[in-house]
Amino acid sequence: MIRLLIADDHPVVRAGLRAVLECEPDFAIVAEAATAERAVELAAEPGVDVVLMDLQFGPGSAMNGAQATAAITARPGAPRVLVVTTYDTDADTLPALEAGATGYLLKDAPPEELAQAVRAAAAGRSALAPSVADRLLERMRTPAAALSARETEVLGLVADGLTNQQVSQRLHLSQATVKSHLVHIYTKLGVDSRTAAVREARRRGLIR
């Protein structure tokens, strides 16, 4: 029996996941969490094999899903974390996978794909949404052209309308470092302005 913890701030989503997963004879839903912090607490208790983790939680949670994933997977003997979210940009997938997520699935995945991903995660195997897997493969094929996690983070904040100074304050970097990241971003994306960089990154699915 694979024991599951569902972590999502939307009650309807939790109920939907529960309804789908309870149809599988080898799954047992043992807990639910509406905040990332609660998910970390419940995952530390015995009896959880896989955590189904959303990435974005509401204002009641100070952590996001990637941060919660890192906190969960840092513990010895921790359960596996399978991200189940609506977001599939590099800005979302890279932090989650770097935090230790075993798999990454989108909420529009068919029930049978979700069940397979849960079983794969429980066995320690990776399970990735096709769009995520394709972009990871592309990053491996053309590493020189791929944005780093930090570059993706910088560009995401630029896309949110932050100035270089605000980005530097948010990320605790010098403005010179921020400018250096932007220069590298422009080169990799083949653009020459902030606006063009944001537009091209969105076209490629690198940021939201």
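Student: Before we move on, could you go through the pairing of strand β5 (residues 103-106) and cite the residues and values that matter?
Tutor: Both faces of the sheet carry side chains from a regular strand, because those side chains alternate between them. Covered by surrounding structure in β5 are Gly103 and Leu105 together with Tyr104 and Leu106, the residues of both alternating faces. Strand direction decides the pairing type here: strand β4 (residues 80-85) and β5, joined by four bridges, are parallel. Of the residues in β5, the one forming a bridge with Val84 is Leu105. Handedness of the β-α-β unit built from β4, helix α4 (residues 90-98) and β5 comes out right-handed. Sheet analysis places β5 next to strand β6 (residues 127-128), joined by two bridges and oriented parallel. Each bridged residue has a counterpart across the sheet, and for Tyr104 the counterpart in β6 is Leu128.

Student: Describe the environment of Leu189, listing the residues and the values that go with them.
Tutor: By the element assignment, Leu189 lies in helix α9 (residues 175-189). Taking relative accessible area as the criterion, Leu189 reaches 5% and is therefore assigned buried. In this structure, Leu189 is in contact with Leu155, Ala197, Glu200, Ala201, Arg204 and Leu206, ignoring residues within four places of it in sequence.

Student: How would you summarise the packing of aromatic side chains if you had to cite specific residues and measurements?
Tutor: Applying the stated criterion to the full structure yields zero aromatic pairs. The ring of Tyr87 is capped by Arg208, whose NZ or CZ atom sits 3.9 Å from the centre of that ring.

Student: Let's hear about the layout of surface pockets: which residues, and what values?
Tutor: Within this model, the largest pocket holds a volume of roughly 630 Å³. Along the wall of the largest pocket there are 23 residues; nearest its centre are Asn64, Ala91, Asp92, Glu153 and Arg208. Secondary-structure elements contributing two or more residues to the lining of the largest pocket are α3 (65-73), α4 and α7 (149-159). For the lining of the largest pocket, the per-class residue count stands at nine nonpolar, six polar and eight charged. Taken as a whole, the second largest pocket spans an internal volume of roughly 190 Å³. Lining the second largest pocket are Asp90, Arg135, Glu138, Arg139, Thr142, Ala145, Ala146, Leu147, Leu189, Arg204 and Leu206. Class assignment for the residues of the lining of the second largest pocket results in five nonpolar, one polar and five charged.

Student: Outline the environment of Arg125, listing residues and values.
Tutor: Residue position: Arg125 is located in the loop between α5 (111-122) and β6. In the structure, Arg125 is positioned 63 residues away from Lys188 in sequence and 32 Å away in space, judged by C-alpha atoms.

Student: I'd like a description of the sheet that holds strand β2 (residues 27-33), backed by residues and values.
Tutor: The strands making up a sheet are joined through hydrogen bonds of the backbone, oriented either antiparallel or parallel. Spatial strand order, β2-β1-β3-β4-β5-β6: six strands in an open sheet with parallel pairing. The sheet is open, and its two edges are formed by β2 and β6, each paired on a single side.

Student: Outline α9, supporting the account with residue identities and numerical values.
Tutor: Residues that lie three or four places apart on an α-helix share one face, since the helix turns once every 3.6 residues. Spanning 15 residues, α9 covers 21 Å between terminal C-alpha atoms, matching the ideal 21 Å at 1.5 Å per step. When α9 is considered as a whole, its buried residues turn out to be Val178, His181, Leu182, Ile185, Tyr186 and Leu189. Projection of α9 onto a plane perpendicular to its axis shows the buried side chains occupying an angular sector of 140°, all on one side. In this structure, α9 carries Ala176 and Thr187 as exposed residues pointing more than 90 degrees from its buried face. Residues of α9 that are buried in the fold lie against α7, α8 (164-171) and α10 (194-203). Within two residues after α9, Gly190 carries a phi angle of roughly 70°, on the positive side.

Student: I'd like a description of the side chain of Asp8, backed by residues and values.
Tutor: As for its placement among the helices and strands, Asp8 is situated in the loop between β1 (2-7) and α1 (11-21). A distance of 2.8 Å separates a polar atom in the side chain of Asp8 from the backbone nitrogen of His10. If we ignore the near neighbours within four places in the chain, the residues touching Asp8 are Val13, Arg14, Ala33, Ala34, Asp54, Phe57 and Lys107.

How each quantity is defined
Along each chain, numbering runs from 1 in the same order as the chain's sequence is written. Thresholds applied to this predicted model are a pLDDT of at least 70 for local features of residues and 80 or more for the giving and counting of side-chain atom pairs; totals over whole chains, interfaces and linings are not thresholded and use all residues. Only hydrogens and water are removed before side-chain values are computed, so all heavy atoms of the structure are retained for them. Partly exposed residues are those whose accessible area sits between 20% and 50% of the maximum for their type, while under 20% is buried and over 50% is exposed, using a 1.4 Å probe and protein chains only. Numbering of helices and strands runs from the N terminus, with a helix taken as a DSSP run of H or I at least four residues long and a strand as a DSSP run of E at least two residues long. Strand pairing requires that DSSP identify at least two bridges connecting the strands. Think of it like this: strands point away, you trace from the first strand over the helix to the second, and a clockwise trace means the crossover is right-handed. Whether two residues touch is decided by their heavy atoms; if any such pair falls within 4.5 Å, the residues are in contact. Any pair of Phe, Tyr and Trp rings, taking the six-membered ring for Trp, is counted once the centres come within 6.5 Å. Such a pair is stacked with planes under 30 degrees apart, edge-to-face with planes over 60 apart, and tilted for the rest. Whether a charge lies above a ring is judged from NZ of Lys or CZ of Arg, which has to be within 6 Å of the ring centre and within 35 degrees of the ring normal. Lining residues are those with an atom within 4 Å of a point, where the points come from a 1 Å grid over the protein atoms alone and group into cavities, where a 1.4 Å probe fits but cannot get out, or pockets, open sets with protein on both sides within 12 Å along at least five of seven lines. Grid points are joined across faces, edges and corners, and a volume is the space filled by probe spheres set on the points. Three residue categories are used. Nonpolar comprises Ala, Val, Leu, Ile, Met, Phe, Trp, Tyr, Cys and Pro, charged comprises Asp, Glu, Lys and Arg, and polar comprises the others, including Gly. In a helix, the anticipated span is given by 1.5 Å times the number of residues less one. Throughout, the arc means the angular range of directions from the helix axis out to the C-beta atoms. Under the rule applied, a polar contact is a pair of N or O atoms within 3.5 Å (in protein, one hydrogen donor and one hydrogen acceptor; residues adjacent in sequence only if both atoms are side-chain atoms).

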